[in-house]
Amino acid sequence: MATDSVPTAAKRGSRQRLLRYLLRRIGQAAITLIAIVVLNFVILHLAPGDAIDVLAGEAGGAGPEYLEQMRRAYGLDQPIYVQMVQYLWNVAQLNFGFSFRNNVSVLELIMSRLPATLLLMLASILISFTAGVLLGVFAARRVNTFADNAVSVLALLCYATPLFWFGLMAIVLFTVKLGWLPGNGMYTIAASFNWFEATLDVLRHLVLPALSLALFHMAVYTRLMRASMLEVYGLDYIRTARAKGLSQRRVAFRHVLPNAILPMVTMLGLQIGALLGGAVLIETVFGWPGLGRLAFDAILQRDHNLLIGILLFGSALVIVANIVTDLVYAWLDPRIEVA
Amino acid sequence: MIRTISRLGAVATLVAGMAAASAAFAPSVLAQGTPVRGGTLSMILNPEPPVLVTGVNSASPVAAVSPRMFEGLATYTPDFKMVPVLATSWEQSADGKTITFKLRPNVKWHDGKPFTSADVQFSFMEILKKVHSRGTATYLHLSAVETPDPLTAVFKLDKPSPYIMRALAGVESPIMPKHIYEGSDPLKNPANVKPIGTGPFKFKEWERGNYIMLERNPDYWDAGKPYLDAIVFRIIPDGGARAVALESGAVQYGTQYVVPLNDVARLGKLPNLNVTTAGYEYNTSVNYLEFNLRKPYLQDRRVRQAIAHTINTDFLVKNVWFGFATKATSPVTDKQKDFHTANVPQYPYDLKKAEALLDEAGYKKGADGIRFKVTIDWSPSGEMFRQTAELLRQGLQRVGIAAEIRNADSPTYLRRVWTDNDFDINIYSASNIADPVIGIQRFYWSKSIQKGVTYSNGSGYNNPEMDKLLEDGQVENDPAKRRKIYEDMQRLVMTDLPNMGLVYIQWFTIHDKKVKNLTTTGLGPMESFADVYMEK
Amino acid sequence: MEGLRDFWRRYRRKTSAVIGLALLVLVLVVALFGPLIVSGDPWDMATMPFLWPGADAAYPLGSDTLGRDILTGIIHGSRVSLLIGFSATVAALGIGVTVGALAGYFRGWIDDVLMRITEIFQTVPTFLLAVVLVAIFKPSMLTIVLAISAVTWPSIARLVRAEFLSLREREFVQSCVVIGMGETRIIFRQILPNCLPPIIVMSSVMVASAILTESGLSFLGLGDPNLMSWGTMIGIGREAMRTAWYMSAIPGVAILITVLALNLVGEGLNDALNPRLKNR
């Protein structure tokens, strides 16, 4: 996505150019988001059953008058296009509606679950990016040795492991058998901690889910970094640097790494969307109180407002990540200009 | 405060032994030990409830929280005798059409306003009769609640409704504050998530996805109670995590499917934990198998009986329910001793018999060994139902019926079975709730064939003989005659088999041994917890 | 024939690619012939529940919570996983190649519209969208395949579009245009064959990721209830993870091996088909 929107123009950029670029991207994003709402609205309304069915089912033995009254109360007796126009109009005013199932506003619900998911995502990005870069550099500097092959095998295994399964196995090992790390939730229940202990507690809970979620992308980064390093090593100016007798370490970290890391930035943008999807599974496995789990529950409960809210939120996050990626890319690589 | 209760009609049995009901004799009928004040009880809650008031939503997670804050007019002993709560005594007229409740004086709402008969009137007429999922049926014949004085409420009924006297517990018919709900849409009232009740515990805070906290009500009418300082409901969505929380002592109480059934035995052996099945007399569930009588194959009674013979209920009890269920002998749970009978036709696991019945019905095996095909739907409310569906499929295959299981999420499932009637065999569980009119009748009454009404007569069973029995049962005030009616009804169900009970589910509580007085009435986990205390 | 031999010579240069191929063949053999050797219905409650692997020689991999043989489940699961993996990839290729080819060949507004649609599908978090689709249209083999292809086609479309954009400017295409060859013919007979190598490479990776996605869906309870898949088995085992972790571990290893094999093969194909990249 990034490379399409950022043609390699050789001209010097201006602030005005940047502004125009941002405006265009935001305009496109708005259209995309509206399309996403419409698409999801249609899909969700094709589904049999609505939120009132769930409420009635949970209550048990609700009468027809009760059902009708509930549908009227929540506007579900309106035709779908009326509901959709109403929804779009509300969203335009940053009103994401009301979650029937949870009896609170969708925005409030998303905001209350967002920090947990952001923490999980950031931790996993940090782990996967750092570990990936380090392993990639490590392997590239020892290309075709035993160490290089070992890293490749590790990456391949991580790449092929179902992340939720890794999570389950990690719980069996680290929580059930060894008792080293907690395998569920975000913090110890009913504990009286000071802020330091509380932070440590959250970090301990974070280790396994973040690692499980990071594994796949760590493999991606490792492979990408190794390949990218090798490509840069092959470039003329690196040969020159080497020929000048600079130390291997200096060449690797001062000359090769900064250039080789560029393609990784693009990958970061793409990772966000995948992470949100993966969060559904990981949050289920680890009982992490985040957006992924909330989305899954929303589907099962036909909580349309909430689900569309989360999808919209997730999509917006992906778009923002992509724009930021483009900008960072342009900033890192002076040859590229946003246009 | 002591008043005698008229012993008239059905009420006499219902309240037998309660001749001397008194304020002092409040819910603690089974109390043990010497209570101590203080402590916070952490309980497991799953899933997170949408609201906290059973008056507007009677779903089970709501019922797990609401009774601590909202009380009913009465509560019940394990054998369904009435115990006073907000009403101190009651009297029923000879024709069964007037019930007079004397109310408890000096009761205050959590916001300090006094509780009066106007609240009772409002709760029954405006909330329970109008927006409560079952209340609309239970209080169908309740035409008015008169309030001659602030401490007297008189129920006026069009027809005798003996079952009302079994529906007055705080969890089923909570008394709600008129001054908070009057003039608002009760379904959207903000107090549904920040309740004001009369109960021993007051709402403190609710952190979504995390916990709900209730604190001690210092002005509770039963002076000295409750013993606990606070109750915290921890929302823990994962079964494994719930087990860990109980094991470590972080949480001291959990009910129903609190941990995977295969893990209960292990937890029960731990030194700090206790597993009990007491306190589930009021809320009893039966795992049913329902046939769609609109489908050609299933219209034949012999086919239904044949299918009944393919299910190995012993296997279900042992491997699916891990002993937390017993073989069902009739559609009415054996906990309802006033109505249950096992003297009805039975269908033991017998594949030969099943094959014979199918042959007799004219459905011979085809060249591929298949007689016909059916689909199986199961309620997505528990793994046990999926496993039951899998067991049923294997049994059916053995007698030449090809079966396809269909997975669905809750809305799809409910819509499919009770609105579209697009199913063959349905596996689900339902509560028998206190009285057959409230809990059982809905599956067999032809008037309960209502599209869109979940857990109603989904099979489409329509038998005038059955209707007559059920309609007689609704208004019969003589307990012996009433029992006879429901025995006949059970016999007819087991002969016609529109649905059949597979197992009687035995709920259980896992709790820390320090927690005492948990089960004081037949409502167990749905009681107010005013008597619960924790040993230091 | 000569081309094939040459291709194989290049492919086998990489040990990992050969190992991958061997593993893949193994999985395929199990899927094709396994049910002939280990007969029986994977759903049959054949023995006592919670039987550990090795405890009973008749059930070498043990039994699950209801006493179903895990070995039979693994064998049947291999069919389900491969079938879903391949069909979802074929379906995604169908959509992706069509969209990409049209956008890349015709450019202009067709390209704009198609790419905007592609972008929408790429913006919604993919696994989440797959969950929504399967949950809403009743979990079955068909809906799972469709949902997976619905979320994976955009990457194929982008790849094909990029290839088309560059290939359509080449001389051989231009000369076809000059001699008045039909557009369909140019697209399918001239350009498409030339962008096959990257598509083939991508396909093997897509089969792998489709298998992973299916296992995730089944784990969440969104699998086809009448098919014993590896993800379903992990989900079943999860209930008993504390007491019998082998129930989840064994099918997980099966997924790992299959996905690993497919990735290794994909890498091997990449090196063999794109000799200029062989150093990577």
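Residues numbered from 1 in each chain as written. Chains lettered and ligands numbered in written order. Predicted model: local features only at pLDDT ≥ 70, side-chain atom pairs only at ≥ 80, totals over all residues.

Q: Sorry, what's going on with the overall build of chain C here?
A: When helices and strands are tallied, chain C shows 11 helices and 0 strands. When the helices and strands of chain C are listed from N to C terminus, the series reads α-α-α-α-α-α-α-α-α-α-α. Put simply, chain C has 280 residues, and 54% of those count as buried. Relative to all contacts within chain C whose residues are 6 or more apart in sequence, the contacts with residues 24 or more apart total 68%. (Helix = DSSP H or I, 4+ residues; strand = E, 2+ residues; numbered from the N terminus. Buried ≥ 20, exposed ≤ 12 C-beta atoms within 10 Å, placed from the backbone. Contact = placed C-beta atoms within 7 Å.)

Q: How should I be thinking about the overall build of chain A in this particular structure?
A: Counting its secondary structure elements, chain A contains 14 helices and 2 strands. When each of the 339 residues of chain A is scored for burial, the buried share is 47%. For chain A, long-range pairs separated by at least 24 residues make up 75% of all intrachain contacts whose partners lie at least 6 apart in sequence.

Q: Would you explain the sheet that holds strand β7 (residues 152-157) of chain B in this entry?
A: The pairing of strands in a sheet happens through backbone hydrogen bonds and is either parallel or antiparallel. Residue and element names in this part refer to chain B. Pairing in this open sheet of 4 strands is antiparallel, and the strands run β4-β5-β7-β6 from one edge to the other. Edge positions in the open sheet fall to β4 (87-92) and β6 (142-149), since each of these has one partner strand only. Strand-to-strand twist across the sheet, computed as the mean angle between neighbouring axes with direction ignored, equals 20°. In terms of strand pairing, β6 meets β7 through 5 bridges, oriented antiparallel. Residue Ala-144 lies in a different strand from β7, and its bridge partner there is Lys-156. (Pairing = 2+ DSSP bridges. Axes fitted to C-alpha atoms, helices over the stretch in contact; angles between N-to-C directions.)

Q: What is the right way to read the interface of chain A and chain B from this model?
A: How big an interface is tends to be stated in terms of accessible area lost as the parts join. Taken together, the contacts link 36 residues of chain A with 46 residues of chain B. Going through the elements one at a time, α3 (51-59), α4 (64-73) and α6 (106-141) of chain A are the ones with two or more residues in the side of chain A that touches chain B. The leading source of residues in the side of chain A that touches chain B is α3(A), at 7 residues. Of the residues in the side of chain A that touches chain B, the class split is 16 nonpolar, 13 polar and 7 charged. (Nonpolar A, V, L, I, M, F, W, Y, C, P; charged D, E, K, R; others polar.)

Q: Explain the nonpolar core here, please?
A: The tendency in soluble globular proteins is for nonpolar side chains to be buried side by side. Judged by nonpolar contacts, the single largest core of 264 residues is most densely connected at Ala295(A), Ile310(A), Leu128(C), Ala130(C) and Val131(C). The biggest single contributor to this core is helix α9 (residues 195-233) of chain A, with 16 residues. Leave out the neighbours within four places in its chain, and Ala130(C) touches Ala147(C), Ile148(C), Val151(C), Thr213(C) and Leu217(C). Of all hydrophobic cores here, the second largest spans 62 residues; its members include Trp321(B), Tyr486(B), Met489(B) and Tyr504(B). (Core = buried A, V, L, I, M, F, W, Y, C linked by C-beta atoms within 7 Å.)

Q: Help me understand the interface of chain C and chain A, please; the structure alone is not making it clear to me.
A: Facing 34 residues of chain C, the contacting portion of chain A comprises 41 residues. Counting residues per element, the ones that place at least two in the side of chain C that touches chain A are α4 (108-123), α5 (126-136), α9 (196-219), α10 (230-238) and α11 (246-273) of chain C. Looking at the side of chain C that touches chain A residue by residue, the classes come out as 21 nonpolar, 9 polar and 4 charged.

Q: Explain helix α12 (residues 262-286) of chain A to me, please; I cannot follow it from the model alone.
A: Residue and element names in this part refer to chain A. For α12, spanning 25 residues, the distance from its first C-alpha to its last is 33 Å, which sits close to the expected 36 Å at 1.5 Å a residue. The largest bend along α12 measures about 35° and falls at Ala-279. At the C-terminal side of α12, Gly-287 shows a positive phi close to 55°. (Expected span 1.5 Å × (residues − 1). Bend = angle between axes of the 7 residues up to and from the residue.)

Q: Help me understand the sheet that holds strand β17 (residues 425-431) of chain B, please; the structure alone is not making it clear to me.
A: Residue and element names in this part refer to chain B. One open sheet accounts for 6 strands, arranged β14-β18-β13-β17-β15-β16; its pairing is mixed. The sheet is open, and its two borders are formed by β14 (325-327) and β16 (401-406), each paired with just one other strand. In this sheet, adjacent strand axes meet at a mean angle of 30° when their direction is disregarded. Bridge count between strand β15 (residues 372-378) and β17: 3 bridges; the pairing is parallel.

Q: It is not clear to me how the packing of helix α10 (residues 236-243) of chain A against helix α11 (residues 248-260) of chain A should be interpreted in this structure. Could you clarify?
A: The description of two helices packed together rests on the angle between their axes and the distance between the axes. Residues and elements named next belong to chain A. The contact between α10 and α11 brings their axes to 11 Å, and the two run at 155°. By the angle class used here, α10 and α11 are roughly antiparallel. You can see that α10 and α11 cross each other, and the crossing is right-handed. Along the contact surface, α10 presents Ile-238, Ala-241 and Arg-242, while α11 presents Val-251, His-255 and Val-256. (Parallel < 35°, antiparallel > 145°, perpendicular 65-115°, else oblique. Left-handed = near helix turned anticlockwise from the far one by under 90°.)

Q: Teacher, can you tell me more about the pairing of strand β13 (residues 285-291) of chain B here?
A: The two faces of the sheet receive side chains in turn, since in a regular strand these alternate between them. Residues and elements named next belong to chain B. Taken across its 7 residues, β13 has 7 buried, putting it largely inside the fold. What you see with β13 is no split at all: Ser-285, Asn-287, Leu-289 and Phe-291 on one side and Val-286, Tyr-288 and Glu-290 on the other are buried throughout. Two strands pair when backbone bridges link them, and β13 and β17 are joined in this way by 7 bridges, in the antiparallel orientation. Across the sheet, residue Asn-287 finds its bridge partner in β17, namely Ser-429. With 6 bridges joining them, β13 and strand β18 (residues 499-505) adopt antiparallel strand pairing. Looking across to β18, one finds that Ser-285 is bridged to Ile-505.

Q: Is there a simple way to explain the environment of Val324(A) in this structure?
A: Summarising the element assignment, Val324(A) is placed in helix α14 (residues 304-332). In sequence terms Val324(A) and Arg142(A) are 182 residues apart; their C-alpha atoms lie 33 Å from each other.

Q: Can you help me understand the confidence of the model for chain C in this one?
A: Overall, the prediction assigns chain C a mean pLDDT of 88, with 98% of residues at 70 or greater. Taken together, the chains of this predicted complex give a pTM of 0.81 and an interface ipTM of 0.89. (pLDDT = per-residue confidence, 0-100.)

Q: Any chance you could explain helix α8 (residues 163-177) of chain A here in plain terms?
A: Structurally, the α-helix is built with 3.6 residues per turn, so residues lying three or four positions apart point the same way. With 15 residues, α8(A) should cover 21 Å at 1.5 Å per step; its first-to-last C-alpha distance of 20 Å lies within 8% of that length. Listed as buried for α8(A) are Leu163(A), Phe164(A), Trp165(A), Phe166(A), Gly167(A), Leu168(A), Ala170(A), Ile171(A) and Thr175(A). Tucked into the core, α8(A) has its buried residues touching α9 and α12 of chain A together with α9, α10 and α11 of chain C. Backbone geometry just after α8(A) places Gly179(A) at a positive phi near 70°.

Q: How should the environment of Ala328(B) be read in this particular structure?
A: Residue and element names in this part refer to chain B. The residue Ala-328 is located in the loop between β14 and α11 (351-360) in this model. Ala-328 sits in the buried class, given 24 other C-beta atoms within 10 Å. Here the alpha-carbon distance between Ala-328 and Ile-505, two residues 177 residues apart in the chain, equals 8.9 Å. When neighbours within four sequence positions are excluded, Ala-328 is seen to be in contact with Val-286, Gly-501, Leu-502, Val-503 and Tyr-504.

Q: Sorry, what's going on with the environment of Tyr413(B) here?
A: All names here are of chain B. Along the chain, Tyr-413 turns up in helix α13 (residues 410-419). Accessibility expressed as a C-beta count within 10 Å gives 27 for Tyr-413, which makes it buried. Put simply, Tyr-413 and Trp-378 are 35 residues apart on the chain and 7.7 Å apart in space, counted from C-alpha to C-alpha. Setting aside residues no more than four positions away along its own chain, Tyr-413 makes contact with Asp-377, Ser-379, Pro-380 and Ala-408.

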